[in-house]
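The chain contents come next:
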Amino acid sequence: MIKVAKFGGSSLADAGQFQKVKAIVEADPSRRFVVASACGKSSPSDHKVTDLLYLCQAHLRYGVSYEPIFKEIETKYYAIKEALHLSLDLDAEFARIRKMMNKDVSTDLLVSRGEYLTSRLLAEYLDFDFLDAADVLAFHYDGTIDYERTASQLSSRTGERGVVIPGFYGALPNGAIRVFSRGGSDVSGAVIANVVNADVYENWTDVPGFLVTDPRIVKDPMPIKRINYSELRAMSYMGANVLHDDAVFPVRSKNIPINIRSTNDPDAPGTMILSDCSEMDAMDPPPIITGITGRKNFTALTLTCSHASALPGYLRQILEVFEEFKVSVESVPMTVDTISVIVSSDAVSENLYDIVNQLREKIKPDSLKIEENLAMIAIVGRAIQEKPGMSGRLLSEFGRNQINIKVISQSADELCVTVGVNNRDFEKAVRCIYEKFIAEESKGAEG
């Protein structure tokens, strides 16, 4: 068996966290490929190394001294080295970084040094080989991953020993460093899992897997045992941020499970993310609702036109207006005479009335209504389709709690029911659905 284990910044924040990582890796010999993020925050007053490096780059650009910030980075790494009795020559490493630090330094190169230094220390501590991501993870010039070259480069540099590879960055064909978006170490780990044909991609973080809903809204929400890729995408899109969105695609293409685990609670099973949960569901039926997530601050533009649904090209013409203004559309609920287009309020904050004028001129609706301050809640569950009348039960629960529903839509596969409510009702709506369909049913199952 081959496992790729990616450890996030919180898992590598200080020497104590390094010790936890070592215990996890040594507990399972199949964890031969380790992908590391840059050191994260070890306390609320601490700073992530990547944030500090971005700040250094900004100071360089504007001719302001970066020394106090860079000193903070040095102090963090020296503390880990000394506490773990490592021999890495940090003096030489920091001297090389300082040599490149001028206003013309590549931002990608500079900010990648956090993952680089963390991985160098971790490789020595684990007694693994260090492989620079610049020599392994290959980008095309357009920013997409060159899987063939990545596989070739990794294969030529690995043997029987375990390896540590920095996350977050790789190299373009000309050797220039290229980084992913923030949180991109998740993607690095997924790419490595793809090219080595891993049996499992473990993503170690500071939470015990996915939770049914946001713990800031519901106290101690239940963990999710397993979730399929489609459910994960629905939850991530609407705000559940445990895993970088783009980390799914490299492993999904090869049907490699993702296991979200907690470095601080390594005995907890975490959440398994699978292409198909049906085999496990047959032995252990899932709850009706897998997860509840959502976001505030949406705007709905509702166009009314007699028999709109029967007019060929009507919907296309509406969406073309939003495309012209480069606005992504979140949802398009419609009836026989009305079409609502729901978008992020931020996306239309500067050109809402230009869009409205274009719609009136091009579409000529009987009326056009704007409704702002909407929150969209996604109620996700692969078992919803097995429960007839589930949408009605959801609507009844909102009514019982005096929550006014502005919008409701459901895909044909019944995987996700999306409900729009006022921003002010967002937390209340999430809590009432959790209490009725998660907490109560859990108590019933235990009884």
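Refer to the structure presented above.
Treat the numbers as computed from the prediction; the structure is a model and nothing was measured.

## Considering the side chain of glutamine 153
Here glutamine 153 lies in helix 7 (residues 147-157). What glutamine 153 contacts, discounting residues up to four positions off in sequence, is Asp135, Val136, Leu137 and Ala138.

## Some thoughts on the packing of aromatic side chains
Under the criterion given, the structure shown has 8 aromatic pairs. Both rings, one in tyrosine 77 and one in phenylalanine 94, keep their centres 6.4 Å apart while their planes meet at 55°; by these two values the pair is tilted. Of this pair, tyrosine 77 sits in helix 3 (residues 67-84) while phenylalanine 94 sits in helix 4 (residues 90-100), and the two are 17 residues apart along the sequence. You can call phenylalanine 94 buried: its relative accessible area is 2%. Taken together, a centroid distance of 5.6 Å and an interplanar angle of 45° make the contact between tyrosine 78 and phenylalanine 94 tilted. Taken together, the residues tyrosine 78 in helix 3 and phenylalanine 94 in helix 4 connect sequence positions 16 residues apart.

## Section: the pattern of salt bridges
Counted by the stated rule, this structure contains 25 salt bridges. Aspartate 186 serves as the salt-bridge partner of lysine 6, at 2.8 Å between the closest nitrogen and oxygen. A residue pair is termed long-range when its members are at least 10 positions apart, and lysine 6 in strand 1 (residues 3-7) and aspartate 186 in helix 8 (residues 185-195) qualify at 180 residues. Relative accessible area serves as the criterion here: at 7%, lysine 6 is assigned to the buried category.

## A short note on the sheet that holds strand 8 (residues 226-228)
Where strands meet in a sheet, backbone hydrogen bonds hold them as pairs that are either parallel or antiparallel. Taken in spatial order, the 8 strands of this open sheet run 3-4-2-1-7-9-10-8, and their pairing is mixed. The sheet is open, and its two borders are formed by strand 3 (129-130) and strand 8, each paired with just one other strand. Pairing geometry for strand 8 and strand 10 (residues 271-274), over 3 bridges, is parallel. Counterpart to isoleucine 227 in the pairing with strand 10 is isoleucine 273.

Conventions we followed
- Residues numbered from 1 in each chain as written.
- Predicted model: local features only at pLDDT ≥ 70, side-chain atom pairs only at ≥ 80, totals over all residues.
- Heavy atoms only, no water.
- Helix = DSSP H or I, 4+ residues; strand = E, 2+ residues; numbered from the N terminus.
- Contact = heavy atoms within 4.5 Å.
- Phe/Tyr/Trp six-rings, centres within 6.5 Å; stacked < 30°, edge-to-face > 60°.
- Buried < 20%, exposed > 50% of the residue type's maximum accessible area, 1.4 Å probe, protein only.
- Salt bridge = Lys/Arg side-chain N within 4 Å of Asp/Glu carboxyl O.
- Pairing = 2+ DSSP bridges.

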